[in-house]
Amino acid sequence: MTQISLNLATTREVWGFRDAVDGCLRAGITAISPWRDQVAAIGLDEAARIVAANNLRVTGLCRGGMFPAETAEGRQKQIDDNLRAIDEAAALNADCLVLVVGGLPGSSRDIVGARQMVTDGISAMLPHAQSSGVKIAIEPLHPMYAADRACVNTIDQALDICELLGPNVGVAIDVYHVWWDPYLAAAIARAGRLNRIFAHHICDWLVPTTDMLLDRGMMGDGVIDLKAIRAMIEAAGYAGPQEVEIFSKDNWWKRPGDEVLAVIKERVASVC
């Protein structure tokens, strides 16, 4: 179970932060990745106390990012929020702060400009992250989200930003977003050579998918070759937990949390 981390989005409709931790401990899972709203609901100090009292590993805090904005004031507002996110990640002793970087601002069609805003935004937050001991993990998202959620869509795009900004910036590799990439193996190998793999998220891609955001599958129910991707990531030098992150409004979010965790444990053992 040391190879499983529960991203708390997976049980967000049935468990808050405290209940999710209790459920993980019942299941023998000692690593979690909470979302900032879940931490805020219980209070940062109390969340940090629970983490420390139970000797939990926090594999990531979700999420920072969302840098592009139409005005300089809007971009600064996003940077300020990311600075607060760094403080929260530091308080939880998180392995990294995960960034969903943001898409096109307003009515813009300038995706190159949006990507520059992302690079500039990360650069602005980086000194505080370094002084706080927090690693920054860019999570490339599937191209279907390029306009509204993330204009960084491949591992290679994320690594190009990492190489510009320095060793404190890496990638969170989520199989849902990158499994389709014909250059995936080379990109993961490159991330390993650069020592930039900070997190590994798993779920599955269902066929058909009824909602591109909220219909992710449990591992083994879709088409992603999870074992092959895990082998690539391990060969690249990453040996951390597989973080299970499933958004599933019509299926897994409706099930009891203990049932969800039992299936996760079985699937990680059998198909991951």
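Please refer to the structure placed before this passage.
All values reported here derive from a predicted model rather than from experimental measurement.

*Asks:* How would you sum up the packing of aromatic side chains? Please name residues and give values.
*Replies:* By convention here, two paired aromatic rings are described through the distance between centres and the angle between planes. Under the definition given, this model contains 4 aromatic pairs. One aromatic cluster in this structure is built from Trp-35, Phe-247 and Trp-253. The side chain of Arg-12 reaches across the aromatic face of Trp-35, ending 5.8 Å from its centre.

*Asks:* So what's going on with the nonpolar core? Residues and values would help.
*Replies:* Counting 80 residues, the largest nonpolar core has Leu-97, Ile-122, Ile-136, Ile-138, Met-219 and Ile-264 as its most contacted members. Residues Val-98, Ala-172, Phe-247 and Trp-253 belong to the second largest nonpolar core, which totals 11 residues.

*Asks:* Which residues make up the environment of Ile-224, and what values go with them?
*Replies:* By secondary structure assignment, the location of Ile-224 is in the loop between β8 (197-202) and α9 (226-235). Each C-alpha atom, one on Ile-224 and one on Gly-237, is 21 Å from the other, the two residues being 13 residues apart in sequence. What Ile-224 contacts, discounting residues up to four positions off in sequence, is Val-175, Tyr-176, Trp-179, Cys-203, Asp-204, Trp-205 and Ile-229.

*Asks:* Residue-level account of the pattern of salt bridges, with values.
*Replies:* Any two side chains of opposite charge can pair, on the condition that their charged atoms come close. One pass over the structure, following the stated rule, counts 18 salt bridges. Via salt bridges that share partners, Arg-36, Asp-81, Arg-84 and Glu-88 belong to a single interconnected network.

*Asks:* Pulling in residues and values, what's your account of the sheet that holds strand β9 (residues 242-244)?
*Replies:* With parallel pairing, the 9 strands of this open sheet are ordered in space as β3-β2-β1-β9-β8-β7-β6-β5-β4. Only two strands of the sheet have a single partner each, and these edge strands are β3 (57-58) and β4 (61-65). Pairing geometry for strand β2 (residues 31-33) and β3, over 2 bridges, is parallel. Note on β3: the bridge partner recorded for Ala-31 is Arg-57. Its contacts with the sheet place helix α5 (residues 111-132) against β5 (97-100), β6 (136-138) and β7 (169-174), and it is angled at close to 150° to β6.

*Asks:* Describe in detail the packing of helix α1 (residues 17-27) against helix α10 (residues 257-271), supporting the description with residues and values.
*Replies:* At their nearest, the axes of α1 and α10 sit 10 Å apart, and the two run at 45° to each other. Taken together, the axes of α1 and α10 are oblique relative to one another. Crossing angle aside, the handedness with which α1 passes α10 is right-handed. Together, Gly-23, Cys-24, Arg-26 and Ala-27 of α1 and Asp-258, Leu-261 and Lys-265 of α10 make up the contact between the two elements. In the contact of α1 with α10, the residues fall into 3 nonpolar, 1 polar and 3 charged.

*Asks:* Pulling in residues and values, what's your account of unusual backbone geometry?
*Replies:* With omega at -10°, the peptide bond leading from Cys-62 into Arg-63 counts as cis. Structurally, Arg-63 is set in strand β4. A positive phi angle, near 55°, is found at Asn-93, a position not held by glycine. Relative to the helices and strands, Asn-93 is located in the loop between α4 (72-91) and β5. The phi dihedral of Asn-195 is positive, around 60°, even though this residue is not glycine. One can find Asn-195 in the loop between α8 (184-193) and β8.

*Asks:* Tell me what's going on with the state of the cysteines, and back it up with residues and numbers.
*Replies:* A complete count under the given rule lists 0 disulfides for this structure. Cys-96 takes part in no disulfide bond, and the closest cysteine sulfur, belonging to Cys-62, lies 7.9 Å away.

*Asks:* Talk me through the side chain of Asp-204; I want residue IDs and the actual numbers.
*Replies:* Along the chain, Asp-204 falls in the loop between β8 and α9. For the buried residue Asp-204, which engages in no salt bridge, the nearest side chain bearing the opposite charge is Arg-267, 6.7 Å off. There is a polar contact of 3.2 Å between the side chain of Asp-204 and the backbone nitrogen of Val-223. Non-local contacts of Asp-204, meaning those with residues more than four positions away in its chain, are made with Tyr-176, Arg-216, Gly-217, Met-218, Met-219, Gly-220, Asp-221, Gly-222, Val-223, Ile-224 and Leu-226.

*Asks:* Can you lay out the packing of α4 against α5 for me, pointing to particular residues and giving the numbers?
*Replies:* When two helices pack together, their arrangement is captured by the angle between the axes and the distance separating the axes. At their nearest, the axes of α4 and α5 sit 10 Å apart, and the two run at 30° to each other. In terms of crossing hand, the pair formed by α4 and α5 is right-handed. Residues Arg-75, Ile-79, Asn-82, Leu-83, Ile-86, Asp-87 and Ala-90 of α4 lie in contact with α5, whose contacting residues are Met-117, Gly-121, Ala-124, Met-125, His-128, Ala-129 and Ser-132. Across the contact of α4 with α5, the residue classes tally to 8 nonpolar, 4 polar and 2 charged.

Cut-offs used in this document
- Per chain, the residues get numbers from 1 upward, laid out in the order the sequence is written.
- Predicted model: local features are reported for residues with pLDDT of at least 70 only, side-chain atom pairs are reported and counted for 80 or more only, and whole-chain, interface and lining totals are derived from all residues.
- In computing side-chain values, all of the structure's heavy atoms are included and hydrogens and water are not.
- Aromatic rings from Phe, Tyr and Trp, with only the six-membered ring used for Trp, were paired whenever their centres fell within 6.5 Å, and each pair was classed as stacked if the ring planes differed by under 30 degrees, edge-to-face if by over 60, and tilted otherwise.
- Over a ring means this: the NZ of a Lys or the CZ of an Arg is within 6 Å of the ring centre and within 35 degrees of the ring normal.
- Remark: nonpolar core denotes a set of buried residues (Ala, Val, Leu, Ile, Met, Phe, Trp, Tyr, Cys) joined through side-chain atoms within 4.5 Å.
- Burial here depends on accessible area, computed with a 1.4 Å probe over protein chains only, as a share of the maximum for the residue type. Under 20% is buried, over 50% is exposed, and the range in between is partly exposed.
- Per the convention used, a helix needs a DSSP run of H or I reaching at least four residues, while a strand needs a run of E reaching at least two, with both numbered from the N terminus.
- Note on definitions: a residue-residue contact is assigned when non-hydrogen atoms from the two residues lie within 4.5 Å.
- Salt bridges, as used here, are contacts in which a Lys or Arg side-chain nitrogen is within 4 Å of a carboxyl oxygen on Asp or Glu.
- Strands are treated as partners if at least two bridges between them are detected by DSSP.
- Interaxial angles span 0 to 180 degrees and are taken between N-to-C directions of axes, which are lines fitted to C-alpha atoms, for helices over the stretch in contact.
- Orientation categories follow fixed angle ranges, with anything under 35 degrees roughly parallel, anything over 145 roughly antiparallel, 65 to 115 roughly perpendicular, and all other angles oblique.
- Definitions for this section: a left-handed crossing has its near helix turned counterclockwise from the far helix by less than a right angle. A right-handed crossing has that turn clockwise.
- Residues are grouped as follows: nonpolar covers Ala, Val, Leu, Ile, Met, Phe, Trp, Tyr, Cys and Pro; charged covers Asp, Glu, Lys and Arg; every other residue, Gly included, is treated as polar.
- The disulfide definition used here is simple: a pair of cysteine sulfur atoms within 2.5 Å.
- Residues counted as positive are Lys and Arg, residues counted as negative are Asp and Glu, and His and the chain ends are not counted.
- Here a polar contact is recorded for every N or O atom pair within 3.5 Å, except that within protein the pair must consist of a potential hydrogen donor and a potential acceptor, and residues adjacent in sequence are included only if both atoms are side-chain atoms.

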